[in-house]
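Coordinate analysis (summary)
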Amino acid sequence: MPTIFTHEFNTPVYKGKVSFNTGLFINGQFVDGSNGTTMDVVNPTNGKVIASISEGTQKDVDLAVDAAEKAFETTWGLNCPGNKRGILLNKLASLMEDHADELSALEALDNGKAFNLARGMDVAGAIGCIRYFAGWADKISGRVIETGGDKFTYTRHEPIGVIGQIIPWNFPLVMFSWKIAPALATGNTVVLKPSEFTPLTAIRVCHLAKEAGFPPGVLNVVTGYGSTVGSAISSHMRIHKVAFTGSTLTGRKIMEAAAKSNLKNITLELGGKSPNIIFDDADIEQAVHWAMLGVFFNQGQCCIAGSRIFVQEGIYDEFLERFTEKSRSIKIGDPFAADTFQGPQVSKIQYDRIMEYIESGKKDGAKVHIGGERHGSEGYFIQPTIFLDTNPDMRIVKEEIFGPVSVVIKFKDEEDVVRQANDTVYGLAAAVFTKDVNRAITTAHKLKAGSVWVNCYGVGSPNVPFGGFKQSGIGRELGEYALNHYTEVKAVNVNLGMKMM
């Protein structure tokens, strides 16, 4: 019998008790893993175990695929009209709204992000995403193509079938919604693996999906490790598409497994080392606010983090002074404190990785302007860190750190900064701050990135596509563009009058 997770929250921002089954969610039921083993979930504020959840295996992925295939052929896919799929997705969104505080508390508990930020951004964003794609569910259509009077030709956009999805730990609920919403809206069934570090909201939403009335097997969640469950999903011969968000290194492995198995369709949203460009004529106060948010939001654990901050020489000193003051004002601490902005890093592994990067920056000769050390004596907290006097060959300039670490770099002119900004293997995001609209647009067009913000940073919407250039990924999440990755296009040619002689 799977473990029941029970926790009493008695905090300044949320008071309540949660209790739910933490088994694998397969065919509409919560079950133990095939091996009967469990995984510990750790609270990153203190390193203590908060729950033990069922550990899935390759056999469990097989069982989930069996259930997903059966649902696709009987109760979902082309057997369930789009308007009904949309109704169910909207029911799920409404249930998530009813449980928004609980979901926010679970995000804060196993991820470490501030409750108030999780409530206002993550949970609200996840609900909005599901509602957006619910609206698309009955609008998936092909078109008629003119091919002559004696032939009628049209296209259909049909669901692919069983979709495998693997999501990261930095935005657990947001990534869950980004993955399942377009897949289910287009009629596919899902086998999803959440991160072993942050599985609680995915499991809890499965309870809500069952309550909403999704048929058994439509949504399956198999918790486990990447080397077992993740590998089984990416190489499974009866999964016909895999969608992954995570590191570029792991993305390569998934792409290889997809190719070596059944050449499955893939979408990959991977790493970044995003440039944030601030010109002399920028509104400095606004640039400082957005730059702080762009690099330190979510403890710096953002694929789009604007961790390379390029400041034009005319305002460099003033910007640095203000940015330093703003960064020092960040409230670090308990995710359930009302004024916390930065919580702990998600795990000891991630904490150690970030601290190793900080040490490499010091050894390479970069100047630690502020931070660079542990915060407090318990948990995985790191001070917001700013490096100066860097060069392009340093690891802290080239590699994705995924933590509260930035480099501030002086530049001379537009040609100089565009060259530096594009000097990276990544191409996920970028930003430009200037009051000159011509400069803003021309610079944005020169940057090799999938998303470019002008006079803001990280602002998103479910109807706007998201994805990267170069080694930041393949394909697009969100918006109408995402739907193309979850359907197959079929051309139907009907003879209206052609005769064979």
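The structure we're discussing is the one just above.
These numbers were taken from a predicted model, which means no experiment stands behind them.

1. Some points on the overall build of the chain
- Helix and strand content of the chain: 15 helices and 24 strands.
- For the chain, the C-alpha radius of gyration of 24 Å lies close to 23 Å, the compact-globule estimate for 501 residues.
- Once the C-alpha set of the chain is aligned to its principal axes, its extents read approximately 80 × 60 × 40 Å.
- Out of the 501 residues in the chain, the part that is buried amounts to 58%.
- A separation threshold of at least 6 residues defines the contact pool for the chain, and within that pool the share at least 24 residues apart is 73%.
- With an accessible surface of roughly 20,200 Å², the chain has 51% of that area assigned to carbon and sulfur atoms.
- Considering the chain, the positive charge centre built from 50 side chains and the negative charge centre built from 54 side chains are found 4 Å apart.

2. Points about the pattern of salt bridges
- By the definition in use, this model includes 22 salt bridges.
- The shortest N-O distance in the salt bridge between E356 and R395 comes to 3.0 Å. Within this pair, whereas E356 is found in helix α11 (residues 348–363), its partner R395 is found in helix α12 (residues 395–398), the two being separated by 39 residues in sequence.
- On the basis of relative accessibility, which here comes to 27%, the residue R395 falls in the partly exposed class.

3. A word on the packing of helix α2 (residues 82–98) against helix α6 (residues 200–212)
- It is at 9 Å that the axes of α2 and α6 come closest, and there the two elements cross at 130°. As judged from the angle between their axes, α2 and α6 are oblique. The hand of the α2/α6 crossing is right-handed. Residues L88, K91, L92, L95 and M96 of α2 lie in contact with α6, whose contacting residues are V205, L208, A209, E211 and A212.
- Residues that form the contact of α2 with α6 fall into these classes: 8 nonpolar, no polar and 2 charged.

4. Observations regarding a negative patch on the surface
- Together, D280, E313, D413 and E415 make up a region of like negative charge exposed at the surface.
- Residue E313 is classed as partly exposed on the basis of its relative accessible area, which comes to 46%.

5. So, the pairing of strand β5 (residues 38–43)
- Burial along β5 is one-sided: M39, V41 and N43 are buried, while T38, D40 and V42, pointing the other way, are not.
- In terms of strand pairing, β5 meets strand β6 (residues 48–54) through 6 bridges, oriented antiparallel. Counted as the bridge partner of N43 is K48 from β6.
- Where β5 folds back on β6, the antiparallel hairpin that results is connected by 4 residues, among which G47 adopts a positive phi of roughly 75°.

6. Observations regarding the packing of aromatic side chains
- Per the counting criterion, the structure on display carries 17 aromatic pairs.
- Aromatic side chains W178 and F466 sit 5.5 Å apart centroid to centroid with 65° between the ring planes, which places their arrangement in the edge-to-face category. In this pair, W178 is assigned in helix α5 (residues 172–185) and F466 in the loop between β21 (451–454) and β22 (469–470), connecting sequence segments 288 residues apart. Both residues of the pair, W178 and F466, belong to the buried class.
- Through a chain of ring-to-ring contacts, three or more aromatic side chains come together here, namely F9, Y14, F115 and F336.
- It is K241 that lies over the ring of Y486; its NZ or CZ is 5.0 Å from the centre.
- We note R439 situated over the ring of F279; from NZ or CZ to the ring centre the distance is 4.3 Å.

7. Some points on the sheet that holds strand β17 (residues 385–388)
- Taken in spatial order, the 7 strands of this open sheet run β16-β17-β18-β15-β14-β20-β21, and their pairing is mixed. Single-partner strands in this sheet number two, and they are β16 (367–370) and β21. Adjacent strand axes in the sheet meet at a mean angle of 25° when their direction is disregarded.
- Across the face of the sheet, helix α10 (residues 316–328) comes into contact with β14 (275–278), β15 (308–312), β16, β17 and β18 (405–411) while running at roughly 60° to β16.

8. With respect to α11
- Helix length check: α11 (16 residues) gives 22 Å between terminal C-alpha atoms against 22 Å at 1.5 Å per residue, within 8%.
- Three or more residues of α11 are buried, namely Q350, Y351, I354, M355, Y357, I358, S360 and G361.
- Residue G365 follows α11 closely and has a positive phi angle near 100°.

9. Digging into the side chain of T434
- Relative to the elements of secondary structure, T434 occurs in the loop between β20 (429–433) and α14 (437–446).
- Overall, the relative accessible area of 3% leaves T434 in the buried class.
- At 2.7 Å, the side chain of T434 forms a polar contact with the side chain of D281.
- With residues near it in sequence (within four places) discarded, T434 still touches F279, D281, A282, R439, A440 and N455.

10. A look at the pairing of strand β12 (residues 241–245)
- The buried fraction of β12 amounts to 5 of the 5 residues, a majority that puts the element mostly inside the structure.
- Judged by which residues are buried, β12 turns out to be covered on both faces: K241, A243 and T245 on one side and V242 and F244 on the other are all buried.
- Looking at chain direction, β12 and strand β13 (residues 265–269) are connected through 5 bridges and run parallel. Residue pairing for β13: V242 is matched across the bridge by I266.
- Between the parallel elements β12 and β13, the chain passes through helix α8 (residues 248–260) in a crossover that is right-handed.

11. A look at a nonpolar patch on the surface
- On the surface, V144, F152 and L496 cluster together into a nonpolar patch covering about 300 Å² of accessible area.
- Within the secondary structure layout, V144 lies in strand β7 (residues 144–145).
- Overall, V144 belongs to the exposed group, its relative accessible area being 59%.

12. Thoughts on the environment of G224
- Mapped onto the elements, G224 comes out in the loop between β11 (219–221) and α7 (226–235).
- Relative accessible area serves as the criterion here: at 0%, G224 is assigned to the buried category.
- With 176 residues separating them along the chain, G224 and E400 place their C-alpha atoms 25 Å apart.

Calculation notes
- Residues numbered from 1 in each chain as written.
- Predicted model: local features only at pLDDT ≥ 70, side-chain atom pairs only at ≥ 80, totals over all residues.
- Heavy atoms only, no water.
- Helix = DSSP H or I, 4+ residues; strand = E, 2+ residues; numbered from the N terminus.
- Rg over C-alpha atoms; globule rule 2.2 N^0.38 Å.
- Buried < 20%, exposed > 50% of the residue type's maximum accessible area, 1.4 Å probe, protein only.
- Contact = heavy atoms within 4.5 Å.
- Areas by Shrake-Rupley, 256 points an atom, 1.4 Å probe, with all protein chains shown as cover.
- Lys, Arg positive; Asp, Glu negative; His and termini not counted.
- Charge placed at Lys NZ, Arg CZ, Asp CG, Glu CD.
- Salt bridge = Lys/Arg side-chain N within 4 Å of Asp/Glu carboxyl O.
- Axes fitted to C-alpha atoms, helices over the stretch in contact; angles between N-to-C directions.
- Parallel < 35°, antiparallel > 145°, perpendicular 65-115°, else oblique.
- Left-handed = near helix turned anticlockwise from the far one by under 90°.
- Nonpolar A, V, L, I, M, F, W, Y, C, P; charged D, E, K, R; others polar.
- Patch = residues over 30% accessible without salt bridge, like charges linked within 9 Å, V, L, I, M, F, W, Y side chains within 5 Å.
- Pairing = 2+ DSSP bridges.
- Phe/Tyr/Trp six-rings, centres within 6.5 Å; stacked < 30°, edge-to-face > 60°.
- Lys NZ or Arg CZ within 6 Å of the ring centre and 35° of its normal.
- Expected span 1.5 Å × (residues − 1).
- Polar contact = N/O pair within 3.5 Å; in protein donor to acceptor, adjacent residues only side chain to side chain.
- Right-handed = clockwise from strand over helix to strand, strands pointing away.

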